[in-house]
Amino acid sequence: MALKQTRGASRRIEPTMDQPAAGDIGIVNLARSEAAKAEITIRPLRGNISVLMGSGGNIAVFSGPDGKLFVDAGISVSRPKITATLAAVSPDPIRYLINTHWHFDHTGGNQWAHAAGATIIAHENTRRRLSTITRVDDWDFTFPPLPDDALPTEVFETDRTLSLNGAAIALEYYGPCHTDGDISVELADDNVFITGDTWWNGFYPFIDYSTGGSIDGMIRATEANLARVTDKTIIIPGHGPVGDKSQLAEYRDMLVNMRDKVAAIKKQGMSLEEVLTARPAAAYDAKWGRFLIDGFFFTRLVYAGV
Ligand SMILES: [Zn+2]
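Residue numbers here run from 1 along each chain, matching the order of that chain's written sequence. Where totals are concerned, whole chains, interfaces and linings use all residues; where local detail is concerned, this predicted model gives features only for residues with pLDDT of at least 70, and gives and counts side-chain atom pairs only at 80 or more. Hydrogens and water molecules were not included; the side-chain quantities draw on all heavy atoms of the structure.

Novice: How should I be thinking about the overall build of the protein in this particular structure?
Specialist: Here a helix means four or more residues in a row that DSSP labels H or I, a strand means two or more in a row labelled E, and each is numbered from the N terminus. Each helix and strand counted, the protein has 10 helices and 14 strands in total. Note that the radius of gyration is over C-alpha atoms, with the globule rule given as 2.2 Å times the number of residues to the power 0.38. Taking 19 Å as the expected radius of gyration for a compact globule of 306 residues, we find that the protein reaches 19 Å, a close match to that expectation. Taking the principal axes of the C-alpha coordinates as reference, the protein spans close to 60 × 40 × 35 Å. Three labels apply to residues, based on accessible area from a 1.4 Å probe with only protein chains included: buried if under 20% of the type maximum, exposed if over 50%, partly exposed otherwise in between. Taking all 306 residues of the protein together, the buried fraction comes to 56%. Across the protein, every contact between residues at least 6 apart in sequence was considered, and the portion connecting residues at least 24 apart equals 65%. Accessible area of the protein: about 12,200 Å², with a carbon and sulfur share of 52%. Only heavy atoms enter the contact rule, under which two residues are in contact if any of them lie within 4.5 Å. Surface accessibility in these figures is a Shrake-Rupley result with a 1.4 Å probe; residues are shielded only by whichever protein chains are displayed.

Quick look at the structure:
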C-alpha cells in the first residue's frame, strides 16, 4: 500500500505519480479504501503461528485444537478475504482477539471477530478510547465509539497471561508510547514476539499524541522490545515485514538520532517551520520515508515531543 500523509501537515507534501494525495479524502478513509482493494496474504512463521497482511496493521494468528488467537483484526472491510484465507489454513474457530492498541486499522475487525466467537482482550486504556468519541488531530479524524459488541470485554492494567493450545501467551503493557494503551504479545514457546505499533519495520512510525503517545515513549518501548528478544526471535511489527532483532536495533537508532537531532535544533529556538526547512530527516528518508509517514511528518511528530 503506497500512501502519503498530507492532511494536517504544516508543510504540504506533493503526491508522486503513483501515490494519491491523502489530503483530499483523509488518511483514514484512504487506508480503508486501500484495504478494500488489497489482497490478504498469509505467511506461516513458526509452529502454528502465521501473519496476515493487507488489512491495515499486521494480524498474527495462532492456531490449534482449542481454537485460534488473533493479535489485531485489521480493517472491517477485509472480513470476507480474511475468513476465506484462514479457512484454507484450518477450520479452528476464533477464541481470542487481542487488540495491541485502539487504532482503527487494528480494531476494525473487532465486531465480526466477536460475532464469530472471539473474546476480545486489551489494555484498559484501549477499551476506554474505543468506548468514547476519540479525535486524532494528526489524522484530522474523529472516531465514534465502537458498538458495544465490538469492545474488549477483558481488560488489564499491567500484564496478563493466557493459556491456549498448550501454550502460554504473555501480554504486557508498555506504558504510554504509540498511544496510551499499547501492549506486547509474546508466544515464548515458539519464540515469537509481537510489538503492535511500537515497531514499524522499515518505516517511520506514527505517534499518536492525541491519545497519549510521544517520541520518548516510543523509544522506551523499543528499548523494552530489544530487551525481550534474542537473535532467534521472530518479531512481528505493527506495520512492515516480519523482522529480527538487528532490524529492531536499527529502528531504535533512527528514533534516538532523530529525537536528539530535533531536540538540539529546537533548543536553539527554531520554530517548527524552520526545523522542517532544515530537513533533519533528509539522510533517513530514502530508507524510512516510503510509507504513510514521510520525513516532514515524522519530524513534526518528533518536534512535538522534545
Ligand atoms: Zn497504531
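Novice: Honestly, the sheet that holds strand E12 (residues 183-187) in this entry has me stumped. Any pointers?
Specialist: For sheets, the rule is that strands pair by backbone hydrogen bonds, running either parallel or antiparallel. Pairing between strands is defined by DSSP: at least two bridges between them are needed. Strand order across the open sheet formed by 5 strands is E10-E11-E12-E13-E14, with mixed pairing between neighbours. One side of each edge strand has no neighbouring strand; the edge strands of this open sheet are strand E10 (159-164) and strand E14 (234-239). The sheet shows a mean angle of 25° between the axes of neighbouring strands, direction not considered. Between N-to-C directions, angles span 0 to 180 degrees; the directions come from axes that are lines fitted to C-alpha atoms, helices contributing only their stretch in contact. Its contacts with the sheet place helix H7 (residues 245-267) against strand E13 (192-200) and E14, and it is angled at close to 25° to E13.

Novice: I keep staring at helix H6 (residues 215-228) and nothing clicks. Help me out?
Specialist: The α-helix winds at 3.6 residues per turn, so residues separated by three or four positions along the chain end up facing the same way. Any helix carries an expected span of 1.5 Å times its number of residues minus one. Under the 1.5 Å per step criterion, the end-to-end length of H6 is 20 Å for 14 residues, consistent within 8% with the ideal 20 Å. Buried within H6 are the following residues: Ile 215, Gly 217, Met 218, Ile 219, Ala 221, Thr 222, Asn 225 and Leu 226.

Novice: Please clarify how the sheet that holds strand E3 (residues 59-62) should be interpreted in this entry.
Specialist: Spatially, E1-E2-E3-E4-E5-E6-E9 is the arrangement adopted by the 7 strands of the open sheet, whose pairing is mixed. In this open sheet, the two edge strands, each paired with only one partner strand, are strand E1 (41-46) and strand E9 (154-156). Across this sheet, the average inter-strand angle for adjacent strands is 20°, counted without regard to direction. Examined bridge by bridge, E3 and strand E4 (residues 68-71) share 3 bridges and lie antiparallel to one another. Within E4, the residue paired with Ala 60 across the bridge is Val 71. Its contacts with the sheet put helix H5 (residues 124-131) on strand E6 (119-123) and E9, and the angle it makes with E6 is roughly 105°.

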